[in-house]
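Architecture and fold: a report
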Amino acid sequence: MANDENTERDENEAAGSDLGGDEASLSTLHADDGSAGEEGVVPGDIGIERYVHVAFFLAGVFVAYVSGKTLAGVWGLLAGTPAVVRNAPWVLRLAEDERATYTMSAGGLIGVLAVLTALRNANLRKWADEVAAELYKVHWPDRETVTNGTLVVLAGGMFAIVYVGLLDRLWSFITNLVYGI
């Protein structure tokens with residue numbers, strides 16, 4: 001029994017060294033429900049690593065959008081500056097509507113390059129994998145618990161609103177009596 005565990009641990013460590021560290025253990029975390037094959041990984045299932053890829057993809061989309069809008073703003077600012085127009089007339093060659101196509105394309109290229117650079121960064125990738133592994137361990141509440149908690153917060157908020165409103169009316173009444181306003 002202990003020998004089988006040592007052999008499995010040695011195989012996981014060997015797989016982990018090929019995959020860049022914790023990635024082998026990350027892919028087996030998702031398959032610990034007993035539905036895994038002999039190797040501990042469900043075929044075609046990349047485990048919690050997919051969340052890391054989705055996060056990098058969404059970050060790339062965000063970077064692409066912000067970069068495209070920033071480039072469009074800079075181009076519009078340069079096109080409105082007379083000194084730039086005199087020295088670089090090519091700034092006005094494209095209409096304002098056409099500029100958005102080029103700037104968003106350039107922003108998309110910047111986003112792709114940013115994602116590829118981030119994926120190749122070993123420290124950032126390790127950090128993202130560790131975050132995904134920790135989030136996988138989190139026990140998320142079920143729907144009934146969330147609904148009950150939401151109702152408690154709403155009821156408490158309504159009670160606080162009514163209580164503070166009544167206190168405000170009371171103190172307003174007392175202030176009017178004292179100062180005669």
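It should be noted that the structure appears before, not after, this text.
Criteria and cut-off values
- Residues numbered from 1 in each chain as written.
- Predicted model: local features only at pLDDT ≥ 70, side-chain atom pairs only at ≥ 80, totals over all residues.
- Heavy atoms only, no water.
- Axes fitted to C-alpha atoms, helices over the stretch in contact; angles between N-to-C directions.
- Helix = DSSP H or I, 4+ residues; strand = E, 2+ residues; numbered from the N terminus.
- Parallel < 35°, antiparallel > 145°, perpendicular 65-115°, else oblique.
- Left-handed = near helix turned anticlockwise from the far one by under 90°.
- Contact = heavy atoms within 4.5 Å.
- Nonpolar A, V, L, I, M, F, W, Y, C, P; charged D, E, K, R; others polar.
- Salt bridge = Lys/Arg side-chain N within 4 Å of Asp/Glu carboxyl O.
- Buried < 20%, exposed > 50% of the residue type's maximum accessible area, 1.4 Å probe, protein only.
- Phe/Tyr/Trp six-rings, centres within 6.5 Å; stacked < 30°, edge-to-face > 60°.
- Patch = residues over 30% accessible without salt bridge, like charges linked within 9 Å, V, L, I, M, F, W, Y side chains within 5 Å.
- Areas by Shrake-Rupley, 256 points an atom, 1.4 Å probe, with all protein chains shown as cover.
- Core = buried A, V, L, I, M, F, W, Y, C linked by side-chain atoms within 4.5 Å.

What about the packing of helix α3 (residues 49–79) against helix α6 (residues 122–137)?
Think of two packed helices as two axes; the pair is described by the angle between the axes and how far apart they sit. Relative orientation of the contacting elements α3 and α6 amounts to 125°, with a least axis distance of 9 Å. Looking at the two axes, α3 sits oblique to α6. The handedness of the crossing between α3 and α6 is right-handed. Packed against α3, whose contacting residues are E49, V52, H53 and F56, the element α6 presents L124, R125, A128, D129 and A132 at the interface. Its residues assigned to classes, the contact of α3 with α6 shows five nonpolar, one polar and three charged.

Quick notes on the pattern of salt bridges
One pass over the full model with this rule turns up four salt bridges. Note that R125 is salt-bridged to E49, the shortest N-O span being 3.3 Å. Note that R125 is positioned in helix α6 and E49 in helix α3, a separation of 76 residues in sequence. On the basis of relative accessibility, which here comes to 13%, the residue E49 falls in the buried class. A cluster of three or more residues bridged by salt bridges with shared partners is formed by E49, R125 and D129.

A look at the packing of aromatic side chains
In this structure the tally under the stated criterion is one aromatic pair. Each ring, one from F159 and one from Y163, has its centre 6.2 Å from the other, and the planes form 15°; the classification is stacked. Of this pair, F159 and Y163 both sit in helix α7 (residues 143–179), four residues apart, which is roughly one turn of that helix. Judged by its relative accessible area of 59%, F159 falls in the exposed class.

So, a nonpolar patch on the surface
Residues F159, Y163, V164, L167, L170, W171, F173, I174, L177, V178 and Y179 make up a contiguous nonpolar surface patch of roughly 1,200 Å² in combined accessible area. For V178, the location among the structural elements is in helix α7.

Notes on the nonpolar core
The biggest cluster of nonpolar side chains holds eight residues, and these are I48, V52, F56, V115, A118, A128, A132 and A133. Sorting the residues of this core by element identifies α3, α5 (96–120) and α6 as the ones contributing at least two each.

Section: the side chain of S67
For S67, the location among the structural elements is in helix α3. If near-sequence neighbours (up to four positions away) are discounted, S67 is found in contact with G107 and I110.

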